[in-house]
Amino acid sequence: MSTAKKFAGQTALYGLSTIAGRVLNFFLTPVYTHAYSTKVYGIFGNMYSYASMLNALLAFGMETTFFRYLNKRSENKDVVYNNSFGAILAVSVIFLLITFPLSSLITSWIQIDPNTPFAEYVQYTRYFIGILIIDALCVIPFAKIRADGRPGRYGKIKLLNIIIFVGLNLAFIYVLPYIVNHNLPGTALIKPWFKHGWLGYVFLSNLMASIATLLMLLPELAQLRPKFNRVLLAEMLLYSWPVLIANFSFLINENLDKILLGKLLPVKESATQVGIYVACAKISIFLSIFVNAFRLGAEPFFFSHANNKNANQTYARIMNYFIIAVCMIFVALVANIDLLKYFIRGRDTTQTNLYWSGLRVVPLLLFGYVSLGIYMNLSVWYKLSDQTKYGLYISGIGAILTIILNVIFIPKYSYMASAWISLIAYATMMVLSYIWGQKNYPIPYNLKKNLAYIIIAIVLVYLSFSVFKRNIFAGNALLLLFVASAFYVERKELKAIFSRK
């Protein structure tokens, strides 16, 4: 099997499990937007933004470090596994000891809706402390499954996690209220504690799904031993801390806009504006899914093939087809945005119109994900050359742009500023990574061809969204034109790849 085919196969397997899980999760978006007002949904988005950023701190950059040191110290795989998990466990214990006693103080700082009872907000915070710690403990066992080349087990556990999460959400939002409202058997047990329409059930569902996931990872956890190599651990931590800062900086780019919207806009409208922005951002989830699936397959693949003779040519070829794929998805989502918008309908016409008023952010956020995906692909150079400090520099610059520009422009332009700034930050990171990468670890990317695909996709998206006013027929005609042209240009290379054994 050719290297390109092997990579495509691994990415497809991770992609299928990721897509299946994310699609199930995506179908909760209309459930949430119908069950909760824009203001309450804004609390949802705000809490998950904080959680996403803290996830990076608890993971401590150990996922990438684990893959790197499996390759560097292949004779000590068990020690690498024990060290990686032990580092995250130590950080998680410290986090628990600090945050749980201070949960009320933390809540007073993150609360964006003064109408929600403070005690309920504290409960939200405590649920998230539990979610964050359990999810952190799952990071290295999941990485081990990927390193062992077992995408089937990885996908099964991830999918079951989403099924449990979705099932519990549907039970709390629809099933239990139906039982109580119709006085069915079990009502006497449910009624004393059940709060109809309480947002906390979403977070409780997440916590229970995370606990179930940790239990499913017990076979991997059972392989851990209390054996550590202090010298190796120190070396791993030296490698991981720039990755940690880079990951945290990246998550600032991804999530800080929602947090700053809640902080910088007037109290009366901040939660509503966050809700609109978060809901419309959900439409870009399909491109995010592809980028994430690529990362899951690419990271272990890039490390394991680093010593191959033609590794750099392989990386360049992967980049070429990655760009074609993300550009196709970019054009396709914008072409069909007037269908996808029905996934974010409110409980009435007024709420629906509020959500749809934010659709202008979708093309901007989508191109941001295109840039992010390319950056993730480009990042192979500093990970393979042990120059992770550049990941810190690049993500740090993106984070600084995100913070400064959002603080300046959110008060005047609200979430439209956040969408533009997200695009600017990711595009800047992409360009910087390419420039520094070509100086320090040259990879023969086909720059002219890749830029041509990106520019053509941007033009087609502009025509579809602004000129043809989101007309679904015109948009899909442009999509077909792009797909046909790409296949025509790449026909010889594709034929060569699929003719290899």
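The structure presented is a predicted model; accordingly, all values stated were derived computationally and were not measured.

Asks: I tried to follow the overall build of the chain on my own but got confused; where do I start?
Replies: Helices and strands together make up the secondary structure of the chain, namely 22 helices and zero strands. Radius of gyration (C-alpha) of the chain: 23 Å, near the 23 Å computed for a compact globule of 501 residues. Reported as C-alpha extents along the three principal axes, the dimensions of the chain are approximately 70 × 65 × 45 Å. Excluding contacts between residues fewer than 6 apart, the proportion of contacts in the chain whose partners are at least 24 apart in sequence is 84%. Side chains of the chain give 44 positive and 18 negative charges; the mean places of these two sets differ by 5 Å.

Asks: Teacher, can you tell me more about the packing of helix α5 (residues 77-99) against helix α12 (residues 230-264) here?
Replies: Between two packed helices, what matters for the description is the angle formed by their axes and the separation of those axes. Put simply, α5 and α12 touch, their axes get as near as 10 Å, and they point 60° apart. With respect to α12, the axis of α5 lies oblique. Considering how the two elements wind past one another, α5 and α12 form a crossing that is right-handed. Here α5 contributes V79, V80, N83, S84 and A87 to the contact with α12, which in turn contributes L232, L233, M236 and L237. Grouping the constituent residues of the contact of α5 with α12 by class yields seven nonpolar, two polar and no charged.

Asks: Looking at this model, I keep getting lost on the nonpolar core. Mind explaining?
Replies: Generally speaking, a soluble globular protein has its nonpolar side chains buried in company with each other. Judged by nonpolar contacts, the single largest core of 151 residues is most densely connected at Y32, V202, F203, V361 and I374. Residue contributions to this core peak at 16 residues, all from helix α15 (residues 311-335). Among all residues touching V202, those that are not within four sequence positions of it are Y32, Y36, F44, Y48, F165 and N169. One finds I145, Y154, I157 and L217 within the second-largest nonpolar core, a separate group that totals six residues.

Asks: What am I meant to see in the pattern of salt bridges here?
Replies: As a working rule, side chains carrying opposite charge can pair if their charged atoms are close by. With the rule as written, the count across this model stands at ten salt bridges. With its nearest N and O atoms 3.4 Å apart, the salt bridge here joins E220 to R150. Within this pair, whereas E220 is found in helix α11 (residues 218-221), its partner R150 is found in the loop between α7 (118-147) and α8 (151-181), the two being separated by 70 residues in sequence. What makes R150 partly exposed here is its relative accessible area of 36%. Residues participating in the shared-partner salt-bridge network are K72, R73 and E235.

Asks: Would you mind showing me how to read the environment of Q387 here?
Replies: Relative to the assigned elements, Q387 resides in the loop between α19 (380-384) and α20 (389-440). For Q387, a relative accessible area of 18% corresponds to the buried category. Sequence spacing of Q387 and P242 is 145 residues, and the spatial spacing of their C-alpha atoms is 9.1 Å. Excluding its chain neighbours within four sequence positions, the residues that come into contact with Q387 are W381, Y382 and N440.

Asks: Is there a simple way to think about empty space enclosed by the protein in this case?
Replies: Over the atoms a probe the size of a water molecule is rolled, and this reveals where empty space is left. Counted under the stated rule, the structure contains two cavities of 30 Å³ or more. Each pocket or cavity is described by its volume, and for the second largest cavity that value is around 30 Å³. If you trace the second largest cavity, you find it lined by L378, W381, S433, Y434, G437, Q438, I443 and Y445. For the lining of the second largest cavity, the leading source of residues is α20, giving four residues.

Asks: How do you make sense of α5 when you look at a structure like this?
Replies: Three- or four-residue spacings in an α-helix give side chains the same orientation, since the helix completes a turn every 3.6 residues. For α5, with 23 residues, the first-to-last C-alpha span of 33 Å sits near the 33 Å given by 1.5 Å per residue. For α5, the set of buried residues is V80, Y81, N82, N83, S84, F85, G86, A87, I88, S92, F95 and T99. Elements in contact with the buried residues of α5: α3 (38-59), α4 (62-72), α6 (103-110), α7, α11 and α12.

Asks: So what exactly am I meant to see when it comes to a nonpolar patch on the surface here?
Replies: A cluster of nonpolar side chains, contributed by L264, I400, I403, I404, V407, I408, F409 and Y413, occupies part of the molecular surface with about 690 Å² of accessible area. For the nonpolar patch, the leading source of residues is α20, giving seven residues. Checked against the element boundaries, I403 lands in helix α20.

Asks: Hey, could you run me through the packing of α12 against helix α13 (residues 267-281) in this one?
Replies: One can describe the packing of α12 onto α13 by two numbers: an axis separation of 8 Å at closest approach and a directional angle of 155°. For the element pair α12 / α13, the angle class is roughly antiparallel. With respect to the hand of their crossing, α12 and α13 are arranged in right-handed fashion. Residues D257, K258, L261 and G262 of α12 form the contact with α13, whose participating residues are S270, V274, Y277 and V278. Its residues assigned to classes, the contact of α12 with α13 comprises four nonpolar, two polar and two charged.

Asks: Would you mind showing me how to read the packing of aromatic side chains here?
Replies: The description of an aromatic ring pair rests on the distance of the ring centres and on the angle between the ring planes. The final tally for this structure, using the stated rule, is 34 aromatic pairs. Seen from their ring centres, W198 and Y201 are 5.0 Å apart, and the 90° between their planes marks the pair as edge-to-face. Its relative accessible area of 5% is what places Y201 among the buried residues. Of note, K144 hangs over the ring of Y81, and the distance from its end group to the ring centre comes to 5.5 Å. The ring of Y488 carries R491 above its face, with NZ or CZ at 4.0 Å from the centroid.

Asks: Help me understand unusual backbone geometry in this model?
Replies: Its identity is not glycine, yet N183 carries a phi of approximately 50°, on the positive side. Among the secondary structure elements, N183 is positioned in the loop between α8 and α9 (187-190). For N183, a relative accessible area of 59% corresponds to the exposed category. Although it is not a glycine, S414 adopts a positive phi angle of roughly 55°. Structurally, the position occupied by S414 is in helix α20. A relative accessible area of 13% means that S414 is categorised as buried.

Conventions we followed
- Residues numbered from 1 in each chain as written.
- Predicted model: local features only at pLDDT ≥ 70, side-chain atom pairs only at ≥ 80, totals over all residues.
- Heavy atoms only, no water.
- Helix = DSSP H or I, 4+ residues; strand = E, 2+ residues; numbered from the N terminus.
- Rg over C-alpha atoms; globule rule 2.2 N^0.38 Å.
- Contact = heavy atoms within 4.5 Å.
- Lys, Arg positive; Asp, Glu negative; His and termini not counted.
- Charge placed at Lys NZ, Arg CZ, Asp CG, Glu CD.
- Axes fitted to C-alpha atoms, helices over the stretch in contact; angles between N-to-C directions.
- Parallel < 35°, antiparallel > 145°, perpendicular 65-115°, else oblique.
- Left-handed = near helix turned anticlockwise from the far one by under 90°.
- Nonpolar A, V, L, I, M, F, W, Y, C, P; charged D, E, K, R; others polar.
- Core = buried A, V, L, I, M, F, W, Y, C linked by side-chain atoms within 4.5 Å.
- Buried < 20%, exposed > 50% of the residue type's maximum accessible area, 1.4 Å probe, protein only.
- Salt bridge = Lys/Arg side-chain N within 4 Å of Asp/Glu carboxyl O.
- 1 Å grid on protein atoms, 1.4 Å probe; cavity = no way out; pocket = protein on both sides within 12 Å on 5 of 7 lines; lining within 4 Å.
- Points joined across faces, edges and corners; volume = space filled by probe spheres on them.
- Expected span 1.5 Å × (residues − 1).
- Patch = residues over 30% accessible without salt bridge, like charges linked within 9 Å, V, L, I, M, F, W, Y side chains within 5 Å.
- Areas by Shrake-Rupley, 256 points an atom, 1.4 Å probe, with all protein chains shown as cover.
- Phe/Tyr/Trp six-rings, centres within 6.5 Å; stacked < 30°, edge-to-face > 60°.
- Lys NZ or Arg CZ within 6 Å of the ring centre and 35° of its normal.

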